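Topology and contacts: notes
Listed below, chain by chain, are the residues.
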Amino acid sequence: MQLSSRSKSMAAGLAILAMVGLSGCNATANAGGKATATRSAAAAPATSSTPTPTTPAVSWVTDPKDESTAVPVSTRVTAKTEHGDLTSVSMTYKSKKGNVVPAEGWLESGVWTAKDLLEPGVTYTLKMNATDEAGDKTTREQTFTTQDLTLDDQIAVTVTPGDGQVVGIGMPVIVTFDLPVKDRATFEKHMKVTSSPAQAGSWYWLSDREVHWRPKSYWQPGTKVHVEANLNGVPAGNGRYGQWTRTSDFTVGRSVIAKVNLKTDMMDVYISGKKVRTIPVTGGRPGLETRSGVKVIMAKVTNIVMKAETIGFRKGDKNWYEDTPVKYALQLTHSGEFLHTAPWSVASQGRANVSHGCTGMSDANGAWVYQNFKIGDVVETTGTKKPMTMGNGYADWNLGWASYQKGSAL
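Residues numbered from 1 in each chain as written. Predicted model: local features only at pLDDT ≥ 70, side-chain atom pairs only at ≥ 80, totals over all residues. Heavy atoms only, no water.

**So, the sheet that holds strand β12 (residues 154-155)**
The sheet built from three strands is open, its strands ordered β12-β21-β20 with mixed pairing. Both outer strands of the open sheet, β12 and β20 (235-237), are each paired with one neighbouring strand and no more. As paired elements, β20 and strand β21 (residues 240-242) share two bridges and run antiparallel to each other. Across the sheet, Gly-237 pairs through a bridge with Arg-240, a residue of β21. (Pairing = 2+ DSSP bridges. Helix = DSSP H or I, 4+ residues; strand = E, 2+ residues; numbered from the N terminus.)

Rendered as structure tokens:
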């Protein structure tokens, strides 16, 4: 049977359709007799490998943050990283004179911490280095600017004794301020005294401008003392801050103690625990008595002139005297007591008290005392009813230990 031309065209179309079907899907029967299409191997996409994870960028975490302004000088700068390891940090600032000044710090457990607080009104630069989680190196530079302060906003600090001095066993550590400190406790937390050999001690605030530290007992001879007043940027209250950090390293020399008895008018001098000299003296006359108590030599001077006006007398007063030259003098109090040469009273020395409050001796004995005594040596005076008072010279040893500790702000 011959096919018509239309039948031939339909047959050709069915053949083409059958070929297309075989190249796309194969029809199979499942358990339920339903047809399911499955992709042939020829049309399956190419298999790709697992993509490499992207290494996260190092994140820098600093206090203060980059480009911060008016940062309080009481800020302790820190830096650390996330998604990496901090390897080094350097910090500098440009002083108001244009000098680049390095600021020290330390890196510990992934955190860099600045050693000191901040300077006012300057720009700091932080340069940080780290490695990311893939071990690649990366760097970061940041800046910030601190608050500006006037001189009236800052408290200058002085430490006594100074570096390298050799002092006596009674010498206290003295820290003074040019402006009042309201927040004494915060300041005290930033001041420290250490010694070798170690000796227990305490701070005592005489006023809001002066604080002392002394050991429980007289210093041991030969002690090496280190003082740190880390007060730069430390809040002092009333909107003020410490202006400087000050340190001092000094040495305690041999033990020298003078024991003055104003009932016998004799002074026994002990060096390294041994009595080496007994000196006739004269003390203050009735009404102008020398103070009893423990005094510490504050200064040594030669060829000075004693003036009645310095202890409150005017010309015409009963106790006024002409200006009097003195060869050797050792200052004991702020109120004007000295251990000094007094050749005009030699006849009374060892017999009677005729001075205006000082302890006088002959030129020969005064020269020996001047040569053998140093700042910080001790003068223990007895025999009068007029006591030493705190603040009148280095009177720290006139308080018992428990009372002295109460003078601490902590």
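**Some thoughts on the side chain of Gln-349**
Structurally, Gln-349 can be placed in the loop between β29 (338-341) and β30 (359-361). Beyond its immediate chain neighbours, meaning those up to four positions away, Gln-349 contacts Pro-280, Val-281, Thr-282, Ala-342, Gly-360, Met-361 and Ser-362. (Contact = heavy atoms within 4.5 Å.)

**Focus: the pairing of strand β17 (residues 201-207)**
One ladder, built from six bridges, connects β17 with strand β18 (residues 210-215); its direction is antiparallel. Each residue of the ladder has a partner; that of Ser-202, found in β18, is Arg-214. Two successive antiparallel strands, β17 and β18, enclose a turn made up of two residues.

**What to know about the environment of Glu-82**
Tracing the sequence through the fold places Glu-82 in strand β5 (residues 78-82). For the pair Glu-82 and Pro-56, spaced 26 residues apart in sequence, the C-alpha to C-alpha distance is 9.5 Å. Dropping the residues within four chain positions of it, Glu-82 is found in contact with Ala-57, Val-58, Ser-59 and Val-61.

**A few points about helix α3 (residues 363-372)**
Of all the residues in α3, the buried ones are Asn-365, Gly-366, Trp-368, Val-369 and Asn-372. Along α3, the residues classed as buried sweep out an arc of 160° about the axis, all on the same side. Of the residues in α3, the exposed ones pointing more than 90 degrees away from the buried face are Ala-364 and Gln-371. Structurally, α3 contributes buried residues whose contacts are with β23 (256-261), β24 (266-271), β25 (274-280), β28 (324-331), β29 and β30. (Buried < 20%, exposed > 50% of the residue type's maximum accessible area, 1.4 Å probe, protein only. Arc of directions from axis to C-beta.)

**Observations regarding the layout of surface pockets**
Here the largest pocket is characterised by a volume of approximately 550 Å³. If you trace the largest pocket, you find 29 residues lining it, with Ile-311, Tyr-321, His-356, Gly-357 and Cys-358 closest to the centre. Secondary-structure elements contributing two or more residues to the lining of the largest pocket are β27 (299-306) and β29. A per-class count over the lining of the largest pocket returns 11 nonpolar, 12 polar and six charged. Here the second largest pocket defines a volume of roughly 430 Å³. Together, 22 residues line the second largest pocket, and Lys-115, Asp-116, Leu-117, Asn-232 and Thr-245 are the ones closest to its centre. Listing elements by their share of the lining of the second largest pocket, those giving two or more residues are β6 (84-94), β7 (100-103), β19 (224-230) and β22 (245-252). Of the residues contributing to the lining of the second largest pocket, the split by class is 10 nonpolar, six polar and six charged. (1 Å grid on protein atoms, 1.4 Å probe; cavity = no way out; pocket = protein on both sides within 12 Å on 5 of 7 lines; lining within 4 Å. Points joined across faces, edges and corners; volume = space filled by probe spheres on them. Nonpolar A, V, L, I, M, F, W, Y, C, P; charged D, E, K, R; others polar.)

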